[in-house]
Amino acid sequence: MTPTGGARPLDLGAGWPRHASGPVTAMSDLVVPAAEAQDREPDETGKQTTRALRRARRQQAQQDAAERRYLRRLAKANADDSVPHRGSYVLGGGRVAPLDPPTMWRATTVQACGLWPFASGSGAPMTGVPLGQHLHTGATVCGDPLNWFTRARYISNPSLFMLGMPGLGKSTLINRMLIGLSAQGVVPLVLGDLKPDYADTVRALGGQVISIARGVGGLNILDPGAMGMAAARIGGQAGQALAAETHGRVLNMVAALLTIVRGAPISDHEQSVLSACLRHLRERTAVGQTFRLPDLLNVLEEGPPRVRQVTLDRGQEARYRDAVDPLHRSLLGILDGPLGDTFAAETSTRIDPDATAVCVDISRIGEADGQLTAAAMLAAWSDGLGTVAASHALADAGLAPRRWFFTVLDELWRPLRAASGIVDRIDALTRLNRSLGLADAKITHTLKDAEALGNEADKAKARGFVERAGMVACAGLPRAEMEDLGRVVGLSRREIELVSSWSSPPGWAQDGGNEEPPGRGRFLIKVGGRPGIPIRVAITGAERHLHDTNTRWIANGEAERLLAERAAVVRAVTGGDLSGTAGPTGHRDGREQQGAGHR
Ligand SMILES: Nc1ncnc2c1ncn2[C@@H]1O[C@H](COP(=O)(O)OP(=O)(O)O)[C@@H](O)[C@H]1O
Ligand SMILES: [Mg+2]
């Protein structure tokens, strides 16, 4: 249909005959209300005078401006960076008076991926033994020097240095690492437990606890131990190399003992004499048999040609005696002097090379018995590290599976002060631990322990322990101490404040109801220049029983009850009977540890 002519272009109906669209159109039923009832703009109602229209336009402009202002304010209030955390102050801004903390759950990325965007990574390390919860985010924090070195590769050498005031839970945390690492097949070695802090844990792990003290148990320092056995088993050139190394280890050990008894190092020619005597004895002793210090004295006394040769005696008895008498006297000093016969008798219990854990308990040596403590510690070290070397040699020869070790040096200040030679031993260990397949944890109270050492060289070496440690953990420490530590490991002001706040009580409660010392179980873990990770360690019932160093502070009957409970836990864990004990146990499979981390 086309319009039939039409003059006015805007008159759309023009030219069409009436009813051209049919009898009924969409508009046919339209009821148009009366003009007064219609919703009109102001300028359409009332008088349509020029003045009225102007006023109406002005009013309209004001309303529009107000609306624009409102929208602008709304947009600004709802911009991403200006919404206050309780919602913006505008209408529809979501403002609430109190704010409920959001509920947090922990889940794997497989489970939580559907919750996007509400899931967030914890930012806490998850490799290693579950240690505790992040103090601020509550995320589980895992870590230990061995896993951080081998798997996570956060640190360049597998060692941990821990500092903190006494009684804040340092040994407890290391006990947890021992349990967790043991579940991974790592062998914990506590070579010289001074308190004992670890004997119960090692027993519960099914490991070996060896006591050394006067009249309790001894160690034959001339026994080649696991290394000697491994050398015989490996045979060939590799076996000979290991045997030579064993000889060196025994020689060093005798030299170290002589140094302790004498208070001064032994001379080079005395070392040669000792070496010649040891070789002579080894050749005269059947394979698998051991010899003891009295046998060594007999050789000196007798003076076989090979020993005489190194003394340059030129066939004169007097010259020989002059050369060996000082050594002879010092060896007699080991046998009958301050060390008793602890190192001269046969080894009472040898370190089992296949043990799941080993603890050499020297806690029964008196506190004041500095020389014996130092000697026992060195002997335990020599024997323990020999076992490590033997295990690796056997693994290299394909005769045994490869095993990794974790050694603990608790209360480091005591061995450091006990004898000068120990600083060197520990120093060597911190440099060699990577090649020995041995991770270590050193624990002491403050950096000042290094300053208290006798000579400058020892001080410098002891300071180096912290500098070289891959991982540093601090429990509560006074501020001045933290400032010093900050110069070594780089601590921020907030970190210093946090850790120093752990060493002072929150208030003076009168009723004694708050039995926890401040900062117990709180640690700051530092790795290099990274910000520290503050954690809170919650211990389980079993851990509390396995390691409670405060039993002597409890009234008599109570202490006995606690000791009985502790013994029951140890029995239950060792016997595999886990029901009916006070605390949740079962750490052999690591489940216990997981639980501890989530608490
Ligand atoms: N996280 C913790 N929660 C509660 N008690 C703890 C915690 N850590 C340690 N303890 C308790 O504190 C006492 C001292 O712990 P210990 O590890 O011997 O301290 P340190 O080695 O720092 O001197 C022990 O009786 C232990 O059971
Ligand atoms: Mg301790």
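Conventions used here
- Residues numbered from 1 in each chain as written.
- Chains lettered and ligands numbered in written order.
- Predicted model: local features only at pLDDT ≥ 70, side-chain atom pairs only at ≥ 80, totals over all residues.
- Pairing = 2+ DSSP bridges.
- Helix = DSSP H or I, 4+ residues; strand = E, 2+ residues; numbered from the N terminus.
- Axes fitted to C-alpha atoms, helices over the stretch in contact; angles between N-to-C directions.
- Expected span 1.5 Å × (residues − 1).
- Buried ≥ 20, exposed ≤ 12 C-beta atoms within 10 Å, placed from the backbone.
- Near = placed C-beta within 6 Å.
- Nonpolar A, V, L, I, M, F, W, Y, C, P; charged D, E, K, R; others polar.
- Parallel < 35°, antiparallel > 145°, perpendicular 65-115°, else oblique.
- Left-handed = near helix turned anticlockwise from the far one by under 90°.
- Contact = placed C-beta atoms within 7 Å.
- pLDDT = per-residue confidence, 0-100.

*Asks:* Would you mind showing me how to read the sheet that holds strand β7 (residues 405-409) here?
*Replies:* Where strands meet in a sheet, backbone hydrogen bonds hold them as pairs that are either parallel or antiparallel. Here eleven strands make up an open sheet; going across it, the order is β2-β1-β11-β10-β9-β3-β8-β7-β4-β6-β5 and the pairing mixed. Bordering the open sheet on either side are β2 (140-142) and β5 (208-211), each of which pairs with just one other strand. Mean inter-strand twist for the sheet, computed between neighbouring axes without regard to direction, equals 25 degrees. Where strand β3 (residues 159-163) lies against strand β9 (residues 471-474), four bridges are found, and the strand directions are parallel.

*Asks:* How should I be thinking about helix α4 (residues 170-183) in this particular structure?
*Replies:* Because each turn of an α-helix spans 3.6 residues, side chains separated by three or four positions end up pointing in the same direction. In this model α4 runs 20 Å from its N-terminal to its C-terminal C-alpha over 14 residues, within 8% of the 20 Å that 1.5 Å per residue would give. By the criterion of burial, α4 is predominantly enclosed, with 13 of the 14 residues buried.

*Asks:* I'm lost on helix α1 (residues 50-77) in this one. Help?
*Replies:* Taking 1.5 Å per residue, 28 residues should reach 40 Å; α1 reaches 41 Å between its end C-alpha atoms and fits that length. Where burial is concerned, little of α1 is hidden: zero out of the 28 residues are buried.

*Asks:* Looking at this structure, I do not really get the site of ligand 1. What am I missing?
*Replies:* Close to ligand 1 lie 18 residues; G169, K170, S171, T172 and G521 are nearest. Here the shell around ligand 1 takes three residues from α4, the largest share from any one element. Of the residues assigned to the shell around ligand 1, the class counts are five nonpolar, nine polar and four charged.

*Asks:* Explain the pairing of strand β4 (residues 187-193) here, please?
*Replies:* Sheet faces and side chains relate simply in a regular strand, where the side chains alternate between the two faces. With respect to burial, β4 is a largely interior element, seven of its seven residues being buried. Sheet topology note: the β4/β7 ladder contains three bridges and is parallel. Considered in β7, the bridge of V187 is made with F405. In the sheet, β4 pairs with strand β6 (residues 358-361) via four bridges, with the strands oriented parallel. Each residue of the ladder has a partner; that of D193, found in β6, is D361.

*Asks:* I'm lost on the packing of helix α17 (residues 479-489) against helix α18 (residues 493-501) in this one. Help?
*Replies:* Across the interface, α17 lies against α18 with an axial gap of 9 Å and an inter-helix angle of 140 degrees. In terms of orientation, α17 lies oblique with respect to α18. You can see that α17 and α18 cross each other, and the crossing is right-handed. Along the contact surface, α17 presents R479, M482, E483 and G486, while α18 presents I496, V499 and S500.

*Asks:* Help me understand the confidence of the model for the protein, please; the structure alone is not making it clear to me.
*Replies:* For any part of a model where pLDDT is low, the fine detail of the predicted coordinates should not be relied upon. For the protein, mean pLDDT is 82; residues scoring 70 or higher make up 88% of the total. A low-confidence stretch, residues 1-6 (pLDDT under 50), is modelled with seven contacts involving residues beyond four sequence positions or located in other chains. Segment residues 578-599: pLDDT under 50, and 52 contacts once partners within four positions in sequence are set aside and those in other chains are kept.

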